[in-house]
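Listed below are the residues making up each chain.
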Amino acid sequence: MPTIRALSALEILDSRGRPTVKAYCELEGGARATASVPSGASTGRAEAYELRDNDPARYGGLGCRRAVANVKTEIAEALTGRTFTDQRELDAALAALDGTANKSRLGANALLAVSIAFARAHAAELELPLYRHFADLVGRPLRTLPRLTINLFSGGKHAGGQVAIQDVLIVPVAARTVDEGLAAAYAVYQAAVGLSAERYHARALTADEGGLAPPFEGVEAMLETAVAAIERGGLAPGRDIALAVDVASSHFYRAGRYELDGAELSAEQMIARIAQWVARYPIISVEDGLAEDDWAHWPTLRDALTEDALTLGDDLLCTNPERIERAVAARAADALLLKVNQIGTLSEAARSYALARDAGWRVTVSARSGETEDHWLADLAVGWGGDQIKVGSITRSERLAKYNRLLEIEHETGLPVTTWPND
Ligand code: PGA
Ligand code: ZN
């Protein structure tokens, strides 16, 4: 059983140049590990609290020295020398030590970094690859690798708002391996670079998650250009490559209206617009089609999409068990976007995952817009059996760290990519 010998932390920078937390964990048996945590930009209001220094003289207030100090002092003092039978016990101790509902005292960034560093050190002590240890934590066999959902075009908060919706992603639905999926994505990405230059005189500059961000006239142009890129890449839209969208609509929802492409839409009009996109383009997943507080209309959205696309909740659910239970009861969604740092420990995220699975939902395991070179997310998506993984574009190394780790896991295990929903 793992006994903590030492815990420490360091402030490092994420892919947007903003501070985040890296934790160090050493066990009595000598196993050691580190883990770095990501951070979002288009955050849901119900997310666990990221502790920042609020010192305007340093990183505009975004410093993480207080979170780091919490690991090195209070958390280390409380946990050093203690033996934990499993991850759940460690995570319960972290949550109890913090004592708040949203991890605001010690910081979810501090707690999650320790939670994952401990999991990694424990895996090292057991001499298990991290993905296998993650599978054991939730008691499920390793069967498949997640299907890739790769950011092609960005808008919204990740690209200066040149178009309202946040991501158009390509989904290599025909690929049976990560390797094939990435090769197909490369062909589409290169075609999209060409189309962005021809149609918008836009250079291949990248947004927060590595996507291209030409000045599209509106959402339809964004989707149409994605389909054209698939075709120019020599692939069949829908059959080889489908699309997914993150509408991230909480961020253009004001006073009950959706401010989209210069129009102010009611929820019913917004749902009709999304249904039109799904009818016209090969979209198989719609994330945050409605705002995080627009609970009344989510069931209508789900009914409208149910035959064709997932109704995927990110800001709506915030990987929060209570919100997921509410959404299951209300039939507000049928898929969970799982971001561990929205809830703050691995065990609570595992509970969210289990609730979604028990309801028959699909799960997309997701990175954040502010990422690090750490790649535990790839192990998590494989270990927990996520249907899809969303880590951004195939450019920028904080994204590639996860894709390259998936390639490694594929090489090691020979597991196939899940064939849903084409099987
Ligand atoms: P975020 O965006 O990491 O900036 O919150 C990702 C998403 O909305 O899916
Ligand atoms: Zn989202």
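Worth saying up front: this structure is predicted, and the values here are computed from it rather than measured.

Caption draft 1: Representation of the side chain of Ser39 in the model. Within the secondary structure, Ser39 sits in the loop between β3 (32-36) and α1 (65-79). Given the relative accessible area of 1%, Ser39 is considered buried. One polar contact links Ser39 to Arg16, side chain to side chain, over a distance of 3.2 Å. Here Arg52 takes part through its side chain, which lies 3.1 Å from a polar atom of the side chain of Ser39.

Caption draft 2: Inspection of the packing of helix α6 (residues 219-232) against helix α7 (residues 267-280) at higher detail. Across the interface, α6 lies against α7 with an axial gap of 11 Å and an inter-helix angle of 20°. The pairing of α6 with α7 is recorded here as roughly parallel in orientation. Along this stretch, α6 crosses α7, giving a crossing that reads as right-handed. Between α6 and α7, the contacting residues are Val219, Glu220 and Leu223 on the first element and Arg273, Gln276, Trp277 and Arg280 on the second. In terms of residue class, the contact of α6 with α7 is built from 3 nonpolar, 1 polar and 3 charged.

Caption draft 3: Focus on helix α2 (residues 87-98). Under the 1.5 Å per step criterion, the end-to-end length of α2 is 17 Å for 12 residues, consistent within 8% with the ideal 16 Å. Burial in α2 covers these residues: Gln87, Leu90, Asp91, Ala93, Leu94 and Asp98. Along the axis of α2, the buried residues cluster in a sector spanning 155°; they form a single face. Exposed and oriented more than 90 degrees from the buried face of α2 are Arg88 and Ala96.

Caption draft 4: Structural detail: the coordination of the zinc ion (ligand 2). Note on the zinc ion (ligand 2): its protein donors are Asp246 (OD), Glu287 (OE) and Asp314 (OD). The metal-donor distances range over 2.0 to 2.2 Å. Positions of the donor residues of the zinc ion (ligand 2) along the chain correspond to the pattern D-x40-E-x26-D. Within this pair, whereas Asp246 is found in strand β6 (residues 242-246), its partner Glu287 is found in strand β10 (residues 283-287), the two being separated by 41 residues in sequence. With respect to class, Asp246 is no different from Glu287; both count as buried.

Rules used throughout
- Residues numbered from 1 in each chain as written.
- Chains lettered and ligands numbered in written order.
- Predicted model: local features only at pLDDT ≥ 70, side-chain atom pairs only at ≥ 80, totals over all residues.
- Heavy atoms only, no water.
- Helix = DSSP H or I, 4+ residues; strand = E, 2+ residues; numbered from the N terminus.
- Buried < 20%, exposed > 50% of the residue type's maximum accessible area, 1.4 Å probe, protein only.
- Polar contact = N/O pair within 3.5 Å; in protein donor to acceptor, adjacent residues only side chain to side chain.
- Axes fitted to C-alpha atoms, helices over the stretch in contact; angles between N-to-C directions.
- Parallel < 35°, antiparallel > 145°, perpendicular 65-115°, else oblique.
- Left-handed = near helix turned anticlockwise from the far one by under 90°.
- Contact = heavy atoms within 4.5 Å.
- Nonpolar A, V, L, I, M, F, W, Y, C, P; charged D, E, K, R; others polar.
- Expected span 1.5 Å × (residues − 1).
- Arc of directions from axis to C-beta.
- Donors = N, O, S within 2.8 Å, 3.2 Å for Na, K, Ca; no water.

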